[in-house]
Each structure stands twice: as C-alpha cells, then as structure tokens.
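Given next are the chains, with one letter for each unit.
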Amino acid sequence: MPRSTSWDGTRASEIIAAQASLDGAALPILHVLQDEFGYIADEALPLVADALNLSRAEIHGIITFYHDFRQEPAGQHVLKLCRAEACQSMGGNKVAEAFLALLGIGWGETTPDGCLTVEGVYCLGLCACAPAALYDGEPLGRLGSDALVGLVQEVRGL
Amino acid sequence: MTRVFISADAASLALGSRRIHALVLQEASRRGVEVDIVTTGSRGLFWLEPLVEVETPEGRIAYGPLEPTDISGLFDAGFLDGPPHPLRLGHIEEQPYLAKQTRLTFARCGIVDPLSLDDYRAHGGYAGLQGALLLAPQVIVDEVRLSGLRGRGGAGFPTGIKWDTVLNVEADQKYIVCNADEGDSGTFADRLLMEGDPFTLIEGMTIAGLAVGATKGFIYIRSEYLHAYRTVNRAIEIATAGGYLGSSICGSGRAFTLETRLGAGAYICGEETSLLESLEGKRGMVRAKPPLPALRGLFGKPTVVNNVLSLASVPWILAHGGKAYAEFGMGRSRGTLPVQLAGNVKRGGIIELAFGTTLREIIEEFGGGTATGRPFRAVQVGGPLGAYLPASMLDLPLDYEALASAKGLLGHGGIVVFDDSVDLSQQARFAFEFCAAESCGKCTPCRVGAVRGVEVMDRIIAGIEPEKNFEVLEDLCTLMTDASLCAMGGLTPVPVMSALTHFPEDFDKLPRLSVVAE
Ligand SMILES: Cc1cc2nc3c(=O)[nH]c(=O)nc-3n(C[C@H](O)[C@H](O)[C@H](O)COP(=O)(O)O)c2cc1C
Ligand code: SF4
Ligand code: FES
C-alpha cells in the first residue's frame, strides 16, 4: 500500500475528477492521490487547485496541516508506532527507541535501503493491547522488541 | 452447519484473530467437517482475544485466548460440540467482567454480524427509529432531553438541548455530523462500536435527522481507523439498500442520507469546529465561538455535532424511553458510560456501566491490577488532557462533576493505568510535547506555550534552578488555562498540574545528599 508509483498526470486528473463533486472534496482528493501514488507530488498541486478553485498555496497549506499527507515517497513499508500514553505505560517508548537505534534512523525517517519508514503516531485505538502499531495498515498489538526485529527481517527477506 | 463466531475488530486482528480464523477453516476442511464462520466485532474483553465462540444446543461456548497452536487440539477435543478444554470459558455472558456490566449502547457488539440487517433487527435494532417515525420532531428532542444524555465526546453538554437549538432555527439545510475522530489515548469505544455494530450509529444519526429536520449527515472518521471506515461504509450501503437511508426512510417520505469522510492525522480535528473546517476541505483551524455550530456549523448551516457514543445511545432511548435511560446513573450524569480500560492493566477492555462506579472498582475488580504485576502508581482519566491521579484518589466515582471537582475530567471515558515505573515528570513533559505537536496554531498561549512548556520541563527534569522554573511552569499553566481559544491549550495544564500536585516527588530532581552514617 505505501509503495509509490511514478507520476501520471492523466491518471491524477481522473482521480481528482472522480472526487471533485463531493462536499469538501479536498481531503478525499488528497487521500486518493496518496493511495494511488504513495505521496502527493508537486505536479498534483495545480491540478487539485484548479479542480477546487483554490490557489496552490491554499492546497499546500492543507497538505502541510495534516500529518498523514506526505510530499515525498515513503519506504516500501510503513510502520506507524504509537507514542501515546497507554502505549507508554507498557514500555512502548523503550521498545520504539531501541528499534529506531537498531535501524539507525529517527522518527519519520526511512532506512537507507528504502525498505521501511517508521512514523510516530498518537493512539491507534489499540490501547488495551499496548504497545501497538500499524504495519502497512495492519494492526499489531503487545509489541516487544522481538516482534519488531522479526518484522525487519521479514521486510528485508532475511 | 455449525456456526463459529470470531472477532475481526482491529484489536482482535492485532492479537492474531485473522490467523485463528484461517486455521479454524483449514482444520475443519482437513477433517471434513463444515463450519460457518461469522465475523463479528469484539465483546471487548481484550485479554481473552483471539476468542472464538461455537454455537451449540446449550448456547454459544467461548474459547480463548487462542494461540495458533491450540486449534488442532481444540478440534481433537471435538470443538464443534463445545467440549471441555483448558481454554474453555463457557458462556461468555457469565464471565463476571461482562455479567456485572449494563450494556445498553454495546448490547449487540460482539454478538451480531455487524453487516447483517436481519441480525440487527433480531436484536432489537431499528425499534427506536420505528418509534421516532411516528413522533413529531419536538417530541423526539424532548425524549432525548428527558434521558439526561450528555455528550460522550468529552465536554458533556446535554444532547437534548443541542438538538433543541438546531430544531428551532429556520434553515434551508441542516446537518448531522458524527464526530468519530476519537483521538484520546486510552479510548477505543467509538471504534469498537463502528466495527461491531455500525447500524446503531446509523440509526442514531437517522433519528437525529428526523428530530432536528436535517436531511444529510456526515461521519468524520480518523484515518487511523481504516477498518472502522470500511465497515461503516459497507453498513451505509446496506442500510440504503434496505430502505433505512435515502429519499424516503422506511417509506415515510422523509429523507436522510449519510456520507463518510476520512480525517488525515490531526488530533485537533476532534474539536468540533476544527472538524467542521476539515469536513469543508480546509486546514483544521479552530473557529472562535460564537457562533455555535448548532446555529452556524457545516457550510454555515445549523449543525448537530455529536460523538459516536452520544448518537449510538439514541436508539435505546427512543426504544425504551428517556425516563428508563435516566434511571441509570448518578447526579447529573445519567445513563451508562462505556468505560475504556487500557494501558498497564491485566484485563483491559470495554466496561459499560451506569455512571457512579468508582475508579477502584474499574481498575481493581474489572482490571485485576497491573499487567506487569508491579504496584499501581497512577491513572490518567479522560485522555491526554485528563488528570493523573494517585492510588489515594481511586474512590472517586465516574461522574462528570466528581471528576471536575477533583480538578480532572471524565472526557470520553478512557482510563490508562501506570505501574510504579512511571515518572510523572516525564508524563507532564509529554503533555506539552503532545500539545506542541497537535496544536492548530491559531492562538499564541497554546502554540507558543506548549513549546515553552517542554523547555521548562526539560530544565526541571535536569534539576536546573527548580524554584524559578516551578514558578515559570505555574505561570505558564495559568496563562494557557485562561487565554487559550479552545480546550486543547486550555486543558493541557490539567495533566501537568495534576502530576505535579499528586506526585511532587517525581519533580524533585536535585541529587540527594548522601546520608552520612552515624
Ligand atoms: C482538542 C479536542 C479534541 C477533541 N476530540 C474529540 C474527539 O475525538 N471526539 C469527540 O467526539 N469529541 C472530541 N472533542 C469534543 C468536541 O469538541 C465536541 O464537544 C463533541 O464532538 C460534541 O459531541 P458530544 O456533545 O456528543 O460529545 C474534542 C475537543 C477538543 C477541545
Ligand atoms: S488552544 Fe491550541 S488548538 Fe485551540 S485554537 Fe488555540 S492554538 Fe488552536
Ligand atoms: S495509546 Fe497507543 S494505541 Fe492508544
């Protein structure tokens, strides 16, 4: 799902047109663009702006307000690790820090081989099985270091 | 064919229920027996997930928590007949955790197929709407007012009064907006309901539409809840095909349609005016109030904004009467509250009870103490803007006013337990860090105050000039409380000051002088 595909203006225009008649279409449009291409390319801005009768600056403002939207491709896989209180109470911080140290990256960064992006999020509604995460959109619970290390090995085909 | 029930709510999936589902199918086909697996929501007893229930002549028999390696042995024991087994739980309703609850809003969750209208109706669904279709709008509003229902999203505003305002304003278009942004740490009741019994929410919104004269509704779901989003979208299609949504609800000639929208990762979009901005396709900047959304809300039109649980309580109220609902609870907190117990606790889950239960009953009796087995130290009630409370305050009842008088809040009913490894100065620092990350940036006390707060906490944690920095901290908290435009900045001092008040020892970072032996 997070895998990015190369820019295709025609496809983008189709996607935008399919959503443009919705009430408050900006978020729906940005979501489908990101689903399709993996991120919201600069080339998309004028198209979205035109469809919504807004300026490019306004579209840029919307994209940057929301944590979800990315303007650059992510790694092949995306791990969203919860950093909020219930996960903290189960040692989530330590697990996350050790994991990032192992990968040699910080929050929001991608491993040099482009395999994995790790993002911090605040609560996934999985607080009764903390620490929790979403891996390419699939929920994971009661995460320990072993589970995360296993995940990386799987990602890298080890 | 024997029916087997397995939860596919996001938490059960996180604990491996999909694998269990696949293995049950595989094992059954290997043995040449037929099973019909019904995918349900969760009963909300998460320490027992993955849980399966098998339908037998004696009712549903539950087994859990299951590991993949348990399945073949379970079939060896004669699984489909509900045989004895070390993981056999019997009738799940007889578990004290469930037996002691009063499930009104969550009555069907985990029992029914979330996408079966037949199941929904067979379990009392759409009785409220059928009743409401025969009533004048003002009568519906009065019934909700009589129930004493207060908004479950956090602010606790009386739902009936909000609806009355919207009903009694003239407009060519009105809207019902469901706030499904559920961003508070430690909360998951909205998610559980949307995944396990979405028609209840749809029915509640339809009744709200009839009550105030709104023909269109939106459900704003946070993007972290993709499973809920898919389930709700399917449920809307099914309800529309079944004649429960559309241009003539149940042939009444009255219209109500529903659409969903996905958030995009912004905690502030749970604040109702920020949510409306976001629904309109803009940055989620908080609006100044007045005007109230009830008068000028979505696209400038009168709008009811209600939390998922508020709206999902309405079908029960219309089916059984406002008076029956108001008989549960204490003081000015009427009805039931779906408590969400989470964090460092043995038995986390959803606990729907009449208001008035104490924190101690929840944490000790239901929760069974900490998950790590270490001593209990603190509990945060009401999400990231809620207070940290110590063991000495566990006799507080869950009631809006009782929490407020303890300088805390009930919020959306989330309870997060911490053991003695917690450092409350770090939690206070986190409260500012969270506010800095999630502030919409519209007003200075919050935007700048949160960043300053992190800095001050860093100095306090490093033991630098404690006297002076405690003073700065208190001034900052007073400023944020008094001068923030919305409760994001306005309530961030609650976790901070409660941590400092109840756990001062964690803020005292000066190195101890070594005790000299006598
Ligand atoms: C920072 C902030 C976040 C909020 N988040 C939510 C939320 O996620 N869900 C919710 O229902 N209400 C949330 N609220 C409360 C809403 O502003 C509003 O009071 C509520 O949606 C009204 O519905 P109710 O009366 O049914 O509770 C939040 C408020 C603030 C200040
Ligand atoms: S208090 Fe914070 S979130 Fe609320 S309006 Fe001000 S800056 Fe925005
Ligand atoms: S706090 Fe981590 S999932 Fe809710």
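Residues numbered from 1 in each chain as written. Chains lettered and ligands numbered in written order. Predicted model: local features only at pLDDT ≥ 70, side-chain atom pairs only at ≥ 80, totals over all residues. Heavy atoms only, no water.

## Details of the interface of chain B and chain A
Thought 1: Each partner contributes to the interface: chain B provides 61 residues, whereas chain A provides 37 residues.
Thought 2: Buried area between chain B and chain A, summed over both chains or domains, comes out near 3,600 Å², and the portion from carbon and sulfur atoms is 58%.
Thought 3: Counting every contact that joins chain B to chain A gives three salt bridges.
Thought 4: Salt-bridge contacts for Glu138(A) lead to Arg18(B); the nearest nitrogen and oxygen are separated by 3.1 Å. (Contact = heavy atoms within 4.5 Å. Buried area = accessible area lost by both parts, 1.4 Å probe. Salt bridge = Lys/Arg side-chain N within 4 Å of Asp/Glu carboxyl O.)

## Here's the deal with the side chain of Arg150(B)
All names here are of chain B.
Thought 1: Mapped onto the fold, Arg150 is located in the loop between helix H7 (137-147) and helix H8 (159-167).
Thought 2: You can call Arg150 buried: its relative accessible area is 9%.
Thought 3: At 2.9 Å, the side chain of Arg150 and the backbone oxygen of Arg332 are in polar contact.
Thought 4: Those residues in contact with Arg150, other than ones at most four positions away along the chain, are Gly156, Phe157, Pro158, Thr159, Ser310, Arg332, Ser333, Tyr400 and Glu401. (Helix = DSSP H or I, 4+ residues; strand = E, 2+ residues; numbered from the N terminus. Buried < 20%, exposed > 50% of the residue type's maximum accessible area, 1.4 Å probe, protein only. Polar contact = N/O pair within 3.5 Å; in protein donor to acceptor, adjacent residues only side chain to side chain.)

## Some thoughts on the layout of surface pockets
All names here are of chain B.
Thought 1: The volume enclosed by the largest pocket comes to roughly 1,200 Å³.
Thought 2: Around the largest pocket sit 45 residues that line it, and Gly153, Gly154, Ala155, Gly270 and Glu271 are the ones nearest its centre.
Thought 3: Within the residue set of the lining of the largest pocket, elements represented by two or more residues are H8, strand E9 (303-307), helix H16 (400-405) and helix H20 (487-491).
Thought 4: Broken down by element, the residue count for the lining of the largest pocket peaks at four residues, all from E9.
Thought 5: The class makeup of the residues in the lining of the largest pocket is 18 nonpolar, 16 polar and 11 charged. (1 Å grid on protein atoms, 1.4 Å probe; cavity = no way out; pocket = protein on both sides within 12 Å on 5 of 7 lines; lining within 4 Å. Points joined across faces, edges and corners; volume = space filled by probe spheres on them. Nonpolar A, V, L, I, M, F, W, Y, C, P; charged D, E, K, R; others polar.)

## What about the site of ligand 2?
Residues and elements named next belong to chain B.
Thought 1: Around ligand 2 sit 13 residues, and of these Cys440, Lys442, Cys443, Cys446 and Cys486 come closest.
Thought 2: Among the cavities detected, the one that contains ligand 2 is the largest cavity.
Thought 3: For the shell around ligand 2, the class distribution of residues is eight nonpolar, four polar and one charged. (Near = heavy atom within 4 Å. Sits in = over half its atoms within 2 Å of the grid points.)

## Observations concerning the packing of aromatic side chains
Thought 1: The tally for this structure, following the rule as stated, stands at 21 aromatic pairs over all chains.
Thought 2: A ring pair is formed by Tyr175(B) and Phe218(B), whose centres lie 6.0 Å apart and whose planes are at 50°; its orientation type is tilted. Here Tyr175(B) is found in strand E6 (residues 175-180), whereas its partner Phe218(B) is found in strand E7 (residues 216-221), with 43 residues between them in sequence. Neither residue differs from the other here; Tyr175(B) and Phe218(B) are each classed as buried.
Thought 3: Through pairs of rings, three or more aromatic residues link up here, namely Tyr122(A), Tyr267(B), Phe430(B) and Phe434(B). (Phe/Tyr/Trp six-rings, centres within 6.5 Å; stacked < 30°, edge-to-face > 60°.)

## A closer look at the sheet that holds strand E8 (residues 257-262) of chain B
All names here are of chain B.
Thought 1: Across the sheet, which stays open at both edges, the four strands sit in the order E8-E7-E6-E9 with parallel pairing between neighbours. Two strands in the sheet have a free side with no partner beyond their single neighbour: E8 and E9. Taking each pair of neighbouring strands and ignoring which way they run, the sheet shows an average axis angle of 20°.
Thought 2: Relative to E8, E7 runs parallel, the two being bridged by six bridges. Residue pairing in the sheet places Tyr220 in a bridge with Arg261 of E8.
Thought 3: Helix H11 (residues 226-241) contacts E7 and E8 of the sheet and is inclined by roughly 165° relative to E8. (Pairing = 2+ DSSP bridges. Axes fitted to C-alpha atoms, helices over the stretch in contact; angles between N-to-C directions.)

## Considerations on the pairing of strand E2 (residues 116-121) of chain A
Residue and element names in this part refer to chain A.
Thought 1: Among the six residues that make up E2, five are buried, leaving the element largely enclosed by the rest of the structure.
Thought 2: Examined bridge by bridge, strand E1 (residues 77-82) and E2 share six bridges and lie parallel to one another. Paired with Leu79 across the bridge in E2 is Val118.

## Some words on the confidence of the model for chain A
Atomic detail in the predicted coordinates should be set aside for any region of low pLDDT.
Thought 1: When pLDDT is averaged along chain A, the result is 94, and 97% of the positions lie at 70 or above.
Thought 2: Between the elements of chain A, mean pLDDT differs from a low of 86, seen in helix H7 (residues 145-155) of chain A, to a high of 98, seen in helix H5 (residues 85-89) of chain A. (pLDDT = per-residue confidence, 0-100.)

## A short note on the pattern of salt bridges
Thought 1: Evaluation of the coordinates by the stated rule reveals 45 salt bridges over all chains.
Thought 2: One salt bridge in this structure joins Asp23(A) and Lys216(B), with 3.0 Å as the shortest N-O distance. In this pair, Asp23(A) sits in the loop between helix H1 (9-19) and helix H2 (26-37) while Lys216(B) sits in strand E7, so the two residues belong to two different chains.
Thought 3: We classify Asp23(A) as partly exposed; its relative accessible area is 26%.

## Considering the site of ligand 1
All names here are of chain B.
Thought 1: Residues in contact with ligand 1 amount to 20 residues; listed here are only the nearest, Gly153, Asn179, Asn306, Asn307 and Ser310.
Thought 2: The contact in question runs from an oxygen atom of ligand 1 to an N or O atom on the side chain of Asn179, over 2.9 Å.
Thought 3: Within the contact set of ligand 1, an oxygen atom lies 3.4 Å away from a backbone nitrogen or oxygen of Val305.
Thought 4: Calculation on ligand 1 without its partners gives an accessible area of 610 Å², and the protein chains cover 92% of this total.
Thought 5: Here ligand 1 occupies the largest pocket.
Thought 6: Contributing elements (two or more residues each) for the shell around ligand 1: E9 and H20.
Thought 7: Among the elements that take part in the shell around ligand 1, E9 stands out by supplying three residues, more than any other.
Thought 8: Of the residues belonging to the shell around ligand 1, the class tally is six nonpolar, eight polar and six charged. (Areas by Shrake-Rupley, 256 points an atom, 1.4 Å probe, with all protein chains shown as cover.)

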